[in-house]
Structure formats: structure tokens, C-alpha cells
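Below, each chain spelled out in residue letters.
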Amino acid sequence: SPLAPAARALRPLLDASPLFSFDRIGFQRHALGFDPEDLEVDLYGRRCLVTGASAGLGYETALALADLGGEVVLLCRDRARGEAAVTAIREATGSRRVRLCEVDLADLDSVARAGDALGREPVDVLVHNAGLLPDARIESPQGLELTFATHVAGPHGLTRVLRPALEQAGDARVVWVSSGGMLTRRLNLEDPQWRWRDYDGVVAYAETKRAQVVLAELWAEAFADTKVCVNAMHPGWADTKGVRESLPRFHRVTETILRTPAEGADTIVWLAASPAAAGRTGRFFFDREPVRTHWVAGTRESESDRRALWTLCESIWEEARGGHE
């Protein structure tokens, strides 16, 4: 686009506030700077796993990856909704290389079973997208707070199980779908399970989304001697079922300016599939560009906190597996 250089030059100035970048207009402005050739790719022969793929960002990601020729596995908690999504994607793309794997990311036993089954062949793409925002504290089968289990412990365990399969792939990509809401919170390791605090679902969501970004950076370090790239991203404000149901007031106020789910998923697909993203690891992306992870004073974690998060996730997984991996 002839406007691309100007769009890229103005982006730092106009992105100084979420009000001018997280909405639909922000995406359209950023898209002026995209290279259309970035996603002119053929993913035939590449196996892509997408969690939470029955609706919203996950569905749009799975649809796009299938449309690019990839073999796509939808990892969904609800079998009926997952099967409906598989059917819809097959009909939309004409691809038969789309299937369902039933898994509950909050249940570490379910994660282990799915990981063992899916890890028998190389994994080229792993998208950690599954998410929820309950309004009350609920415990997972292993006694973890449900948001933490779904966003942090489950994805960490799945990555751990699939590590050999990711390393076997020639150019594997792991994408953590975080949220712009994490920019308001710091990493919380004092009470991550909300056992002593009065539960606040929005805060729990934001804290676990911050944890996802830190985990993505730590996994990038863990894969440093391999060809596996690990990044986090945030989709801006997208009009998804999760937003409509979990944040109804926010949705009512912003409905006319929200991004479509496909626009929100664009950077997920770009990180998962584009040669332009190859070799880029340990970063936090927004609309195909790396952005800073700290905007608000007091949200920066220490190195010891980062390591403590890794230790916590490892200990949770090992305890759940009973030491018999």
C-alpha cells in the first residue's frame, strides 16, 4: 500500500493510548502498514493446534490456518461445540484436515492425556487461546482457581508435554493469546489462587494474562537452543462471545468500535504462519508489531518473581502428575 510508510511512521504517536489503537479503527490504521505478502503462505504439511477453538478468536485462528492449508486440530472443552466448529471450518475451507481433540485446559489430567496423544507427531504450531472469566471463585479438579488453571497451569503443562513434538518440527511456533488488560496488573505470586483475597474475576483474568506474557518469555528462553519460537500477543478489543457474556457493560459501551474476531485473530495467524515472524521469539506483539509489556508504574516484575512463576507452574504440574511422567 502506498500509505504503508506513513502508517508505520505515525503508529508510535497514535498508539500512545489504548483509546486510539485497541479499537476497530486502530486495527484498520495498523493494517495499512501490513505487507499483504506476509500471509501468502502454504501450510500444507504443518500441524497446528489451537485451544479454545470453538468460537471467537480461536475459531477464526483455526479457520485461517486451515484456509492456508494447514492440518488443524481444535482443542475444545465442549465436544458438541467443537464438532460444530470442525464442520463449519471444513465447509468454509474445503479442507478435510481439520479435527477435534476434546480437552479441558483447567483439568491437568485432561491436558496430560491430550498432550500424550497429540505429541506422537511433530507439532508445528501451538496456540494457547482458551480462556474464561468467571464471576465467582471456582476450583479446578486439582484445586486451582479456575482462571489460573485455564490460562496458566494448563497451557504450561501442555507446552511441557508437547516440548519434544515442538522441537521435532522444523520451525515451530507457540503463541500465547494474552489481553491488553494485563497491562494494568503486575505478576501476583502472593495469592494467585485467590484463597485469601475477595474474588474479583476481572482482576484474576488480568493477573493471569500478565502471567501468560511472562511465561511466554520464559518458554522462549527454555527453547533458546532450538528452532521453536514462542511469543505472546494481545488482540485489542474484539467483539467475541466471551466479551459479550463476561463483560456486558464494557461490551455495551464499546460495541460500535470493537474489532471483529477475525481482526483480533490476525496477529495470532501472522505469528503462527508468516515467514516474516520466523526467528522472532520472546516478544509481546500487537497488530504484527512487538510492543512493550509495561505501560503502568508498579507493574514490572522482578527476575526472582519471574523464576518463582516458573517454579510454581512446574511444581503444580509435577504434583498433578504424581511424578510419573
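Residues numbered from 1 in each chain as written. Predicted model: local features only at pLDDT ≥ 70, side-chain atom pairs only at ≥ 80, totals over all residues. Heavy atoms only, no water.

## Some details on the sheet that holds strand S8 (residues 289-290)
- The strand order across the open sheet built from eight strands is S3-S2-S1-S4-S5-S6-S7-S8, with neighbouring strands paired in mixed fashion. The outermost strands of the open sheet, each flanked by one partner alone, are strand S3 (98-102) and S8.
- Strand direction decides the pairing type here: strand S2 (residues 71-76) and S3, joined by five bridges, are parallel. Among the inter-strand pairings, Leu-75 is bridged to a residue of S3, identified as Cys-101.
- Contacting strand S1 (47-51), S2 and S3, helix H5 (residues 108-118) crosses the sheet at an angle of about 145° to S3. (Pairing = 2+ DSSP bridges. Helix = DSSP H or I, 4+ residues; strand = E, 2+ residues; numbered from the N terminus. Contact = heavy atoms within 4.5 Å. Axes fitted to C-alpha atoms, helices over the stretch in contact; angles between N-to-C directions.)

## Quick look at the state of the cysteines
- One pass over the full model with this rule turns up zero disulfides.
- Between Cys-48, a free cysteine, and Cys-229, which holds the nearest cysteine sulfur, the sulfur-to-sulfur gap is 15 Å. (Disulfide = S-S within 2.5 Å.)

## Considerations on unusual backbone geometry
- At Asp-287, a position not held by glycine, the phi torsion is positive, near 50°.
- By the element assignment, Asp-287 lies in the loop between strand S7 (284-286) and S8.
- Residue Asp-287 is classed as buried on the basis of its relative accessible area, which comes to 2%.
- Within the chain, Arg-288 stands out as a residue other than glycine whose phi angle is a positive 70°.
- Position of Arg-288 among the secondary structure elements: in the loop between S7 and S8. (Buried < 20%, exposed > 50% of the residue type's maximum accessible area, 1.4 Å probe, protein only.)

Treat this as a map of the structure, not an account of what it does.
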